Amino acid sequence: MQRRDFLKLSVGTAAAAAFASNAQGAVKEIRIGYQKTGVLVIARQQAALEKHFTPQGIDVKWIEFSSGPPMMEAMNVGSVDFGAVGDSPPVFAQAAGAAIVYAAGQPITNGQGILVPKDSPIRSIVDLKGKRIGFTKGSSAHNIVVQTLEKVGLTYADITPVYLTPPDAGPAFANGSIEAWAIWDPYFAIGETKQGGRILINSRDVTRTNSFYIANREFAKNHGAVLQQIVDVTTAVGKWAEQHRDEVAKSLAAITGVPLDIQTVAANRANFVVGPVTDDIVATQQGVADRFYKLGLIPKPIVIRDIVWRNPAA
């Protein structure tokens, strides 16, 4: 994601003006960005945030995104207050000067990787050389591709990246327009079980990765107590989810429209534990940022710790 894209979105937008005008006032509405999997989907299905905030006179609005980068754009201009993304979107966003902070973290232990067609001659990572790999630019899948190549001494220049959103990448994978697909659940499970995909590599076999709960910087600055409550409710939902995976799958299917059998695969291998952004998580995320800068994928070096939110009241 280029800095100019953020600038186009952030200059003169009505959403930014509306947010700024109410920044110091009482919170009347919390806007939550979510994707087709994860703790926030479960929270929506359970109305967990609504149950917590309605007595305070605060409404909750849910906004679905196909991937993390457009969510970061929306958060930058103040039209989303809080949301969940993988490791790469906030790196690209921070490098572009986006108004975001890390509010919480969540290790990813499974549920993403690289798929190839079942009968593909690609049998190992080295076989990816010269191949067309589809993934969303600036997403966690982008990081998986980079680190997978590094594992066997290949470079980014050794492949042909094909930048596609998950809804576009699925058909491209199915019809052979791309020869490999780097993706996360539930699309990972869809590709594996419905589109004849074979797992070439699981992300856990390549590197440690994390997902994050990101907040708009001004929202965090002006409404820290409310942000802490959002994190606390999300954490509680995550703890429940760890012990109720069958019900989680039903929740995910009900909210996202992704079939229950697919969401069952995703739910059974997911990690739902939400926690603080620890020093270890910061170090891992800094490695992602440094790698992307070295490859020229972001325009300047960044310091992850600079935008980690700490509740001043804690």
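A few points on the structure.

## Re the overall build of the chain
Part 1: Within the chain one finds 14 helices and 10 strands.
Part 2: Computed over its C-alpha atoms, the radius of gyration of the chain comes to 19 Å, within 12% of the 20 Å expected for a compact globule of 314 residues.
Part 3: By principal-axis analysis of the C-alpha atoms, the chain measures approximately 60 × 45 × 35 Å.
Part 4: Taken across its 314 residues, the chain has 54% of its residues classed as buried.
Part 5: Of all intrachain contacts in the chain linking residues separated by at least 6 positions in sequence, the fraction that spans at least 24 positions is 78%.
Part 6: As displayed, the chain has an accessible area near 12800 Å², and 53% of this comes from carbon and sulfur atoms.
Part 7: Placing the 31 positive and 27 negative side-chain charges of the chain at their respective mean positions leaves the two points 3 Å apart.

## A word on the sheet that holds strand E2 (residues 59–64)
Part 1: Read across the open sheet, the 5 strands follow the order E2-E1-E3-E10-E4; overall the sheet is mixed. Looking at strand neighbours, the two that pair on one side only are E2 and strand E4 (100–108), the edges of this open sheet. Direction aside, neighbouring strands of the sheet carry axes that sit 20 degrees apart on average.
Part 2: The strands touched by helix H3 (residues 39–46) are strand E1 (29–34), E2, strand E3 (82–85), E4 and strand E10 (209–216); relative to E1, the strand with the most contacts, the crossing angle is about 130 degrees.

## Description of the side chain of Asn-143
Part 1: Note on placement: Asn-143 falls in helix H7 (residues 140–151).
Part 2: Among the polar contacts made by the side chain of Asn-143, one reaches the side chain of Asp-87 at a distance of 2.9 Å.
Part 3: Discounting chain neighbours no more than four positions away, the residues touching Asn-143 are Asp-87, Ser-88, Thr-209, Val-288, Arg-291 and Phe-292.

## Thoughts on the nonpolar core
Part 1: Counting residues in hydrophobic clusters, the biggest one holds 58 residues, and the most contacted among them are Val-91 and Tyr-102.
Part 2: When near neighbours in sequence (up to four residues on either side) are disregarded, Tyr-102 contacts Pro-90, Val-91, Gln-94, Phe-212, Tyr-213, Ile-214, Val-277, Gln-285, Ile-304, Ile-307, Val-308 and Trp-309.
Part 3: Formed by 37 residues, the second largest nonpolar core is a distinct cluster that contains Ala-43, Ala-215, Val-237 and Ala-249.

## Section: helix H11 (residues 224–243)
Part 1: With 20 residues, H11 should cover 28 Å at 1.5 Å per step; its first-to-last C-alpha distance of 29 Å lies within 8% of that length.
Part 2: Among the residues of H11, Gly-224, Val-226, Leu-227, Ile-230, Val-231, Val-233, Thr-234, Thr-235, Val-237, Gly-238 and Ala-241 are the ones counted as buried.

## Some remarks on the pattern of salt bridges
Part 1: Counted under the stated rule, the structure contains 10 salt bridges.
Part 2: Between Asp-185 and Arg-269 there is a salt bridge, and its shortest N-O distance comes to 2.8 Å. Residue Asp-185 is located in the loop between strand E8 (180–184) and helix H9 (187–193), and its partner Arg-269 is located in helix H13 (residues 260–269); the two are separated by 84 residues in the primary sequence.
Part 3: The partner of Arg-208 in a salt bridge is Asp-280, and the shortest N-O contact between them spans 2.9 Å. One end of the pair, Arg-208, is in the loop between strand E9 (197–202) and E10; the other, Asp-280, is in helix H14 (residues 279–294), with 72 residues separating them in the sequence.

## Details of the sheet that holds E8
Part 1: With mixed pairing, 5 strands are arranged side by side in an open sheet as E7-E6-E8-E5-E9. In this open sheet, the two strands that pair with only one neighbour each are strand E7 (160–163) and E9. With strand direction ignored, the average angle separating the axes of adjacent strands in the sheet is 30 degrees.
Part 2: Relative to E8, strand E5 (residues 112–117) is paired through 4 bridges, and the arrangement is antiparallel. Looking across to E8, one finds that Gln-112 is bridged to Trp-184.
Part 3: Contacts from H7 reach E5, strand E6 (132–135), E7, E8 and E9, with the element oriented near 130 degrees to E8.
Part 4: The strands that helix H8 (residues 166–174) touches are E5, E8 and E9; relative to E8, the one it contacts most, it runs at about 145 degrees.

Reading the values: the criteria
Residues numbered from 1 in each chain as written. Predicted model: local features only at pLDDT ≥ 70, side-chain atom pairs only at ≥ 80, totals over all residues. Heavy atoms only, no water. Helix = DSSP H or I, 4+ residues; strand = E, 2+ residues; numbered from the N terminus. Rg over C-alpha atoms; globule rule 2.2 N^0.38 Å. Buried < 20%, exposed > 50% of the residue type's maximum accessible area, 1.4 Å probe, protein only. Contact = heavy atoms within 4.5 Å. Areas by Shrake-Rupley, 256 points an atom, 1.4 Å probe, with all protein chains shown as cover. Lys, Arg positive; Asp, Glu negative; His and termini not counted. Charge placed at Lys NZ, Arg CZ, Asp CG, Glu CD. Pairing = 2+ DSSP bridges. Axes fitted to C-alpha atoms, helices over the stretch in contact; angles between N-to-C directions. Polar contact = N/O pair within 3.5 Å; in protein donor to acceptor, adjacent residues only side chain to side chain. Core = buried A, V, L, I, M, F, W, Y, C linked by side-chain atoms within 4.5 Å. Expected span 1.5 Å × (residues − 1). Salt bridge = Lys/Arg side-chain N within 4 Å of Asp/Glu carboxyl O.

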